[in-house]
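For reference, the chains in residue letters:
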Amino acid sequence: MEVSSVQRLCLHLISAAFQRCRVSEDLCRLSVVLKRSSDSDPSTVRISISDTGIGTSLEEFQGLKFSREVFDAQKWDGVLNVQTTNIGDDEIYHYHLNLRESNSVRRLTRLPSNPKNGAKFSGTEIYLSISESIDVFLAEVIRFFQKILVLKIPNVAIELVAEEGGVPGSQYRKVFLANECNPVPFSASNVERLKSGLEDYVMKHGNSLHRKCDSCFPNWEHLKVGSGRACCAESHRSAGLQMEVVIIVSEISETSPCFRSSSAETEVLYFKDFSPCPITQSSLTALTNIDWKSYGLVLKSIAVQGGYTALEWENLPPNIHFDMVLHCYHKQYQFTPPGQKTRSNRNLIKKAAKLALDDLKEKHAGALLSAHALKICSYAPDLARTIAGLILSSNDSEFQEECFSILGLQSQNIRNEIVEDSIQQKIISVIQMNDGKPLRSKEAASSFLFEDERLQEPNIQEEEYDAERSMGG
């Protein structure tokens, strides 16, 4: 891994600690403590990253590479102190790593170990000292944890502590719990957790709140959720690459105190192997090549700045928000040496995104209608008015009775507006039903407008893909 800043190094170490907890079968704690010294050097911040996961491998540190700017800035002396143990070890091992040393053999110094005296536990603590603003670094770590909660890994509790040495009342302490608001069972699949995690992220405004915002989301009906999963077959080159995409469309009243005027912009959250990271170029290409117009969306541009990626839309109503998360990971956990790139497949991303969009459309009638369908819907009132006029002006009472029966109306005291509304609803429902379907399916569905719904039987045929829509939700 190429590290371009001390902040990136610390986030990498925090992410590695999170992975050690995640793959453990036990409940784990990840703790990050930032403490400013009050003694000889008040500009120095001591950072401790500890976890109760499976224990670390020294390969994590031996392959780290650093850009010249990391050391030129003179914010860090290049030293990491590590103590770690696995559940089967009899000792706690201590290491001193000088990452300024270019020779990997001379980087590592093994210090005297401590006996465990028969105790059975595992864990790792890494600490380092840097010259950095504690407020700036604290904001970076908070944002990192707010994102990592989207994965909703239930066996990891995260604690963040920051304090100015010797300043009374300066301590900041926050606990991040994945299952705090909208719990999912430990047996839930990764994509089910991702769906629930993004729901929390949206309703807590980027996980900046302790609970969902009742002003914007008084109930769950304001969220329309779709998810898709695509995968590559396992082989000697790949441990089964998985791509999961979750999309949420939410509607917020313009009178809400939290109303965001920048709704035309969608932040894309991207995770690689259960860690938040900047989006890859192949993923950007895949997002650009999606046929958004078939879902009623016009993509204006994609902006990437730092670790932030945003899709800007031309035609999104101001009260509608569109949120999206992508997660690419291997089915079987594997340690990826620093500097080795994870294989990415843009077709896999497109497939999973399309399945998520289709899943959302299927579950929520009227959502993500294509531009063509919206244009046809605009003609529905005039067409309904014409058909209603033909029915009501007819002198054939049997014809009228049959029409009223199909529309689900009683023949007594029927007003023109009631007939028009009923026909218009039928027309729009058929347009929504056909939108995005292949031509042969549209031909089969064209008779639904004036068929008795009681006589209809489902006849659904699915094409087989090496992908699947997520069930439920």
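Residues numbered from 1 in each chain as written. Predicted model: local features only at pLDDT ≥ 70, side-chain atom pairs only at ≥ 80, totals over all residues. Heavy atoms only, no water.

Q: What is the right way to read the overall build of the protein from this model?
A: The secondary structure content of the protein amounts to 13 helices and 17 strands. For the protein, the residues scored as buried account for 47% of the 473 residues in total. In the form shown here, the protein has an accessible surface area of approximately 24,700 Å², with 49% of it arising from carbon and sulfur atoms. (Helix = DSSP H or I, 4+ residues; strand = E, 2+ residues; numbered from the N terminus. Buried < 20%, exposed > 50% of the residue type's maximum accessible area, 1.4 Å probe, protein only. Areas by Shrake-Rupley, 256 points an atom, 1.4 Å probe, with all protein chains shown as cover.)

Q: Please explain unusual backbone geometry as it appears in this structure.
A: Comment: phi is negative for the bulk of residues other than glycine, and the bulk of peptide bonds are trans. At histidine 205, a position not held by glycine, the phi torsion is positive, near 50°. Relative to the helices and strands, histidine 205 is located in the loop between helix H6 (190-203) and strand S11 (223-231). The phi dihedral of aspartate 273 falls on the positive side, at around 50°, and the residue is not glycine. Tracing the backbone shows aspartate 273 in the loop between strand S13 (265-272) and helix H7 (281-288). For aspartate 273, a relative accessible area of 21% puts it in the partly exposed group.

Q: I tried to follow the nonpolar core on my own but got confused; where do I start?
A: Soluble, globular proteins show a tendency: their nonpolar side chains are buried together. Among the nonpolar cores identified, the biggest contains 64 residues, and Ile14, Leu30, Leu34, Ile47, Leu80, Leu128 and Phe145 are the most heavily contacted of them. Per element, the largest residue contribution to this core is nine residues, and it comes from helix H1 (residues 6-22). Counting 34 residues, the second largest nonpolar core, distinct from the first, contains Ala230, Val249, Ile349 and Leu360. (Core = buried A, V, L, I, M, F, W, Y, C linked by side-chain atoms within 4.5 Å.)

Q: How should the pairing of strand S9 (residues 156-164) be read in this particular structure?
A: In the case of a regular strand, side chains alternate between the two sheet surfaces. As paired elements, strand S2 (residues 28-36) and S9 share nine bridges and run parallel to each other. Each residue of the ladder has a partner; that of arginine 36, found in S9, is glutamate 164. Looking at chain direction, S9 and strand S10 (residues 172-177) are connected through six bridges and run antiparallel. Counterpart to isoleucine 158 in the pairing with S10 is phenylalanine 176. (Pairing = 2+ DSSP bridges.)

Q: What is the right way to read the pairing of strand S8 (residues 123-131) from this model?
A: Strand direction decides the pairing type here: strand S3 (residues 44-51) and S8, joined by eight bridges, are antiparallel. Among the inter-strand pairings, arginine 46 is bridged to a residue of S8, identified as serine 129. Where strand S5 (residues 79-85) meets S8, five bridges bridge the pair, whose relative direction is antiparallel. Paired with valine 82 across the strands is isoleucine 126, a residue of S8.

Q: What am I meant to see in helix H12 (residues 416-434) here?
A: Three or four residues apart is the spacing at which side chains of an α-helix point the same way, because the helix has 3.6 residues per turn. Taking 1.5 Å per residue as the helical rise, H12 with its 19 residues ought to reach 27 Å, and the 27 Å between its terminal C-alpha atoms agrees with that figure. All of the buried residues in H12 are Val419, Glu420, Ser422, Ile423, Lys426, Ile427, Val430, Ile431 and Asn434. (Expected span 1.5 Å × (residues − 1).)

Q: Honestly, the side chain of histidine 94 in this entry has me stumped. Any pointers?
A: Tracing the backbone shows histidine 94 in strand S6 (residues 91-98). Overall, the relative accessible area of 16% leaves histidine 94 in the buried class. Of note is the side chain of histidine 94, whose polar atom sits 3.5 Å from the side chain of asparagine 114. Beyond its immediate sequence surroundings of up to four residues, histidine 94 is in contact with Val82, Gln83, Thr109, Arg110, Leu111, Pro112, Ser113 and Asn114. (Polar contact = N/O pair within 3.5 Å; in protein donor to acceptor, adjacent residues only side chain to side chain. Contact = heavy atoms within 4.5 Å.)

Q: Can you walk me through the environment of glycine 118 in this structure?
A: Within the fold, glycine 118 resides in the loop between strand S7 (108-115) and S8. In sequence terms glycine 118 and glycine 88 are 30 residues apart; their C-alpha atoms lie 9.9 Å from each other.

Q: Explain the packing of aromatic side chains to me, please; I cannot follow it from the model alone.
A: Two measures describe an aromatic ring pair: the distance that separates the ring centres and the angle between the ring planes. Using the criterion set out here, one finds six aromatic pairs in the structure. Ring centres of phenylalanine 145 and phenylalanine 176 lie 5.3 Å apart, and the angle between their planes is 50°; this geometry places the pair in the tilted category. Pair noted here: phenylalanine 145 is in helix H5 (residues 134-148) and phenylalanine 176 is in strand S10, with a separation of 31 residues, a long-range link. Given a relative accessible area of 3%, phenylalanine 176 falls into the buried group. (Phe/Tyr/Trp six-rings, centres within 6.5 Å; stacked < 30°, edge-to-face > 60°.)

Q: Which parts of the structure should I look at to understand the environment of valine 225?
A: Looking at the secondary structure, you find valine 225 in strand S11. A relative accessible area of 5% places valine 225 in the buried class. Sequence separation between valine 225 and histidine 364 is 139 residues, and the spatial gap between their C-alpha atoms is 8.5 Å.

Q: Honestly, the side chain of serine 24 in this entry has me stumped. Any pointers?
A: Considering the arrangement of structural elements, one finds serine 24 in the loop between H1 and S2. Serine 24 gets classed as buried once you look at its relative accessible area, which sits at 12%. When residues no more than four places from it in sequence are discounted, the contact partners of serine 24 are Ile54 and Asn155.

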